[in-house]
Protein chains: 2
Amino acid sequence: MRNICLVISYDGTYYCGFQSQPHRNTVQDKLEDALEKLTGEQIKVHSSGRTDTGVHARAQVINFITESSIPIERWGLAMNVRLPEDIRVIQSREVPLDFHSRKSAKRKTYRYTINIDRNPDVFQRHYQLHHYRPLNLDNMESALQYLIGEHDFKSFCTVRTDKNVFVRTIYDARMIRESDTVVHIMITGNGFLYNMVRIIIGTLLQIGEGKRKSIDMLEILHARDRSKAGPKAPAHGLMLWEVSYDE
Amino acid sequence: MRNICLVISYDGTYYCGFQSQPHRNTVQDKLEDALEKLTGEQIKVHSSGRTDTGVHARAQVINFITESSIPIERWGLAMNVRLPEDIRVIQSREVPLDFHSRKSAKRKTYRYTINIDRNPDVFQRHYQLHHYRPLNLDNMESALQYLIGEHDFKSFCTVRTDKNVFVRTIYDARMIRESDTVVHIMITGNGFLYNMVRIIIGTLLQIGEGKRKSIDMLEILHARDRSKAGPKAPAHGLMLWEVSYDE
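Per chain, the residues get numbers from 1 upward, laid out in the order the sequence is written. Working convention: letters from A go to chains and numbers from 1 go to ligands, in the order in which they are written. Only residues with pLDDT of at least 70 get local features here, since the model is predicted, and only at 80 or more are side-chain atom pairs given and counted; chain-wide, interface and lining totals rely on the full set of residues. Side-chain measures here rest on the full set of heavy atoms in the structure, leaving out hydrogens and waters.

Where an unreviewed UniProt entry is consulted, chain A appears under the name tRNA pseudouridine synthase A, with the organism given as Ferviditalea candida. UniProt positions are given in the numbering used here, feature names are shortened, and annotations may be inferred rather than shown by experiment. Annotation of chain A in UniProt includes, under Sequence similarities (unreviewed entry), the sentence "Belongs to the tRNA pseudouridine synthase TruA family." Here is the UniProt Catalytic activity (unreviewed entry) comment for chain A, exactly as written: "uridine(38/39/40) in tRNA = pseudouridine(38/39/40) in tRNA".

So, in structure tokens, the structure goes:
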């Protein structure tokens, strides 16, 4: 019995999110189909966390238990020839049996990309939000600082009955300016609530549009009330960037 | 009567090339459909040149004659709301009636992108050739110099009966290294023969693989014989980058 850990990239455009659902086209279903073709086993895949419909992953981490004796360096190519071209295995390693890609994760980083050029970039249309109107990027950048630290993020969570604890720690939240018109918001934390990054970005966009001030981010955080925050930003600008574990 | 010139970007992945064909899904058909919806006129579009199935354009130039009085600054948005999301108008201007986007063109630049990383980049899969085996990039780079100048490029042209003159001038041919694993080949000339860039790239790949030497590029050029050159490289790595006109 072996525990295999794979790092995968996927373009979420044409999937109903990561997590397996009956009769739906999901990344997990494609991975489990490829694993069955490869090993003959019905394997359940664990991930570092689900991603929603249209959300991408540069480096999602998955693991699964298998009886297969395939050498570890062969898993990448063996899976890639059995996977659709928009899902790729980019790393593989064997891990201790108690490793779990979600429970063992220490930090996750998400990236959200916004293009404020007058014209959308046709080659990036599935990977960045094109915002037609100008944005005050400086005000957005300064609002990010209020997110850093341990906070109750209830205002930035789509309400679901099974979540009672809204406290998370954000280690870093920064804006990277790729050019005059393309910016990436990078947010790293010990975990994220449902829709948390997209609601933070939706709120930041209101700050950028001048509908709110940077300091409002702090007040929204203190309110612990979803109705105080902005709307959920579109999925396609979001990418799961990195998941870190203890060595 | 006005002559309108538009610069357009398109993702060629899902089109049967630029040029209109009966019952085929082409970029020209989509442009002419959008123009008819916008103006009520049946408009024939001229381009700087056709692109093949799967080839992209960052900045293709088109022009057409219209009776429409739509102000020039409105054409971009008016067309974009009527075009599929993988074709975008990025500039518009009114030009003299004798301007023709192909006949008036002075220089064209094509870009071909190659990724030699072990793993393909899932987000660039439609825009770069993933070459699984290593390439000697230095040898490829030095082969490019032999292309510069006025030459008979018959060796680099898919034979068609309607072409008798194979002389073209290449002003620049260079490699841009984006990273250790991603390179762009940029080629600028006064015009290109059918499949010329893709056959040059196919030959360069053989040089990179060690099947040929850099100097072979010169011998192939002198041979004026298509069978001496390498195969046509895949379409999806190719992008029409820029078209220049006299001011």
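A. Up close: the domain arrangement of chain A. All names here are of chain A. By domain assignment, chain A separates into domain 1 (2-95) and domain 2 (107-245). Domain segmentation is taken from an automatic or database assignment of domains. The centre of domain 1, based on its C-alpha atoms, is set 27 Å off from the matching centre of domain 2. Opposite the 17 residues of domain 1 that make contact, domain 2 presents 17 residues. By convention, the term buried area covers the 1.4 Å-probe accessible surface removed from two parts as they join, with the contributions of both added. Both sides of the domain 1 and domain 2 interface together cover about 1400 Å² of buried area, and 52% of this is carbon and sulfur. Throughout this description, the term salt bridge denotes a Lys or Arg side-chain nitrogen within 4 Å of a carboxyl oxygen of Asp or Glu. Applying the counting criterion to the domain 1 and domain 2 interface returns 1 salt bridge. Between aspartate 52 and arginine 198 there is a salt bridge, with its nearest N and O atoms 3.3 Å apart. Between N or O atoms, a polar contact is any pair within 3.5 Å; within protein, one atom must be a potential hydrogen donor and the other a potential acceptor, and residues adjacent in sequence are included only when both atoms are from side chains. Linking domain 1 to domain 2 there are 9 residue pairs in polar contact (both at pLDDT 80 or more). Two residues form a contact once any of their heavy atoms are found within 4.5 Å.

B. Local environment of empty space enclosed by the protein. Whether a set of points on the 1 Å grid over the protein atoms alone is a cavity depends on a 1.4 Å probe fitting there but being unable to get out, while an open set qualifies as a pocket with protein on both sides within 12 Å along at least five of seven lines; lining residues are those with an atom within 4 Å of a point. Grid points are joined across faces, edges and corners, and a volume is the space filled by probe spheres set on the points. One pass over the full model with this rule turns up 1 cavity of 30 Å³ or more. In this structure, the largest cavity occupies an estimated 100 Å³ of space. Forming the boundary of the largest cavity are 13 residues, of which His126(A), Tyr127(A), Asp11(B), His126(B) and Tyr127(B) lie nearest the centre. Gly counts as polar in this scheme, as do all residues outside two lists: the nonpolar Ala, Val, Leu, Ile, Met, Phe, Trp, Tyr, Cys and Pro, and the charged Asp, Glu, Lys and Arg. Across the lining of the largest cavity, the residue classes tally to 6 nonpolar, 3 polar and 4 charged.

C. A look at the interface of chain B and chain A. Taken residue by residue, the interface counts 25 residues in chain B and 25 residues in chain A. Taking both partners together, chain B and chain A bury about 1800 Å²; carbon and sulfur atoms supply 57% of that area. Taken as a group, Val122(B), Phe123(B) and Arg125(B) account for 34% of the area that chain B buries against chain A, more than any other trio of residues on that side. Run the count over chain B and chain A and you get 4 salt bridges. Across the pair Arg125(A) and Glu85(B) runs a salt bridge whose closest N-O atoms are separated by 3.5 Å.

D. Examining the UniProt feature "binding site: substrate" (unreviewed entry) in chain A more closely. All names here are of chain A. The UniProt feature table records "binding site: substrate" (unreviewed entry) at Tyr110. Helix numbers and strand numbers start at the N terminus; a helix is a DSSP run of H or I with at least 4 residues, a strand a run of E with at least 2. Along the chain, tyrosine 110 turns up in strand β5 (residues 105-115). Apart from the residues within four sequence positions on either side, tyrosine 110 is in contact with Arg50, Ile185, Met186, Ile187, Phe192, Val197, Leu238, Met239, Leu240 and Trp241.

E. Quick look at the UniProt feature "active site" (unreviewed entry) in chain A. Residues and elements named next belong to chain A. As annotated by UniProt and renumbered to match this structure, "active site" (unreviewed entry) occupies Asp52. Along the polypeptide, aspartate 52 turns up in the loop between β2 (46-47) and β3 (56-66). Residues within four places of aspartate 52 in sequence aside, it is in contact with Gly17, Tyr194, Asn195 and Arg198.

F. Representation of the packing of helix α3 (residues 137-144) of chain A against helix α4 (residues 196-208) of chain A in the model. Residue and element names in this part refer to chain A. Direction vectors running N to C along α3 and α4 enclose 135°, while the axes themselves pass 8 Å from each other. Compared by their axis directions, α3 and α4 come out oblique. Both α3 and α4 take part in a crossing whose hand is right-handed. Residues Asn139, Met140, Ala143 and Leu144 of α3 form the contact with α4, whose participating residues are Leu204, Leu205, Ile207 and Gly208. To get an axis, a line is fitted to the C-alpha atoms, and for a helix only the part in contact is used. The angle between two axes follows their N-to-C directions and goes from 0 to 180 degrees. An angle counts as roughly parallel when it lies under 35 degrees, as roughly antiparallel when it exceeds 145, as roughly perpendicular when it falls between 65 and 115, and as oblique in every other case. In this scheme, a crossing is called left-handed if the near helix is turned counterclockwise away from the far one by less than a right angle; it is called right-handed if the turn is clockwise.

G. Representation of the pattern of salt bridges within the structure. This structure, assessed with the given rule, holds 22 salt bridges over all chains. Two residues, Asp246(B) and Lys106(B), come together in a salt bridge whose shortest N-O distance is 3.8 Å. Of the two residues, Asp246(B) sits in the segment after β10 (238-245) while Lys106(B) sits in strand β5 (residues 105-115), which places them 140 residues apart along the sequence. With a relative accessible area of 40%, Lys106(B) lands in the partly exposed category. One connected set of salt bridges, linked through shared partners, spans Asp11(A), Glu85(A) and Arg125(B). To sort residues, take the accessible area from a 1.4 Å probe on protein chains only and compare it with the maximum for the residue type: under 20% means buried, over 50% means exposed, and anything in between is partly exposed.

H. Inspection of the side chain of Arg88(B) at higher detail. Mapped onto the elements of the fold, Arg88(B) is located in strand β4 (residues 87-95). Charge counting treats Lys and Arg as positive and Asp and Glu as negative, with His and both chain ends excluded. One buried charged residue, Arg88(B), remains without a salt bridge, the closest side chain of opposite sign being Asp86(B) at 7.0 Å. A polar atom in the side chain of Arg88(B) sits 3.1 Å from the backbone oxygen of Asn80(B). A polar atom in the side chain of Arg88(B) sits 3.0 Å from the backbone oxygen of Pro84(B). Leave out the neighbours within four places in its chain, and Arg88(B) touches Pro120(A), Val122(A), Val7(B), Ile8(B), Ser9(B), Asn80(B) and Leu83(B).

I. Molecular detail of the packing of aromatic side chains. Put simply, two rings from Phe, Tyr or Trp (the six-membered ring, in Trp's case) pair if the centres are within 6.5 Å, and we call them stacked under 30 degrees between planes, edge-to-face over 60, tilted for the rest. Tallied over the full model, the rule gives 12 aromatic pairs over all chains. Arranged with centres 6.4 Å apart and planes meeting at 55°, the rings of Phe153(A) and Phe156(A) form a pair that is tilted. Each member of the pair, Phe153(A) together with Phe156(A), is buried. The interplanar angle of 35° and the centroid separation of 6.1 Å between the aromatic rings of Tyr10(B) and Phe18(B) together place this pair among those described as tilted. No difference in accessibility class separates Tyr10(B) from Phe18(B), as the two residues are buried. Each ring is checked for a lysine NZ or an arginine CZ that lies within 6 Å of its centre and within 35 degrees of its normal; such an atom marks a charge sitting over the ring. Over the ring of Trp241(A) we find Arg58(A); its NZ or CZ atom is 4.2 Å from the centre of that ring. One cation-aromatic arrangement involves Arg107(A) over Tyr171(A); the distance from NZ or CZ to the ring centre is 4.1 Å.

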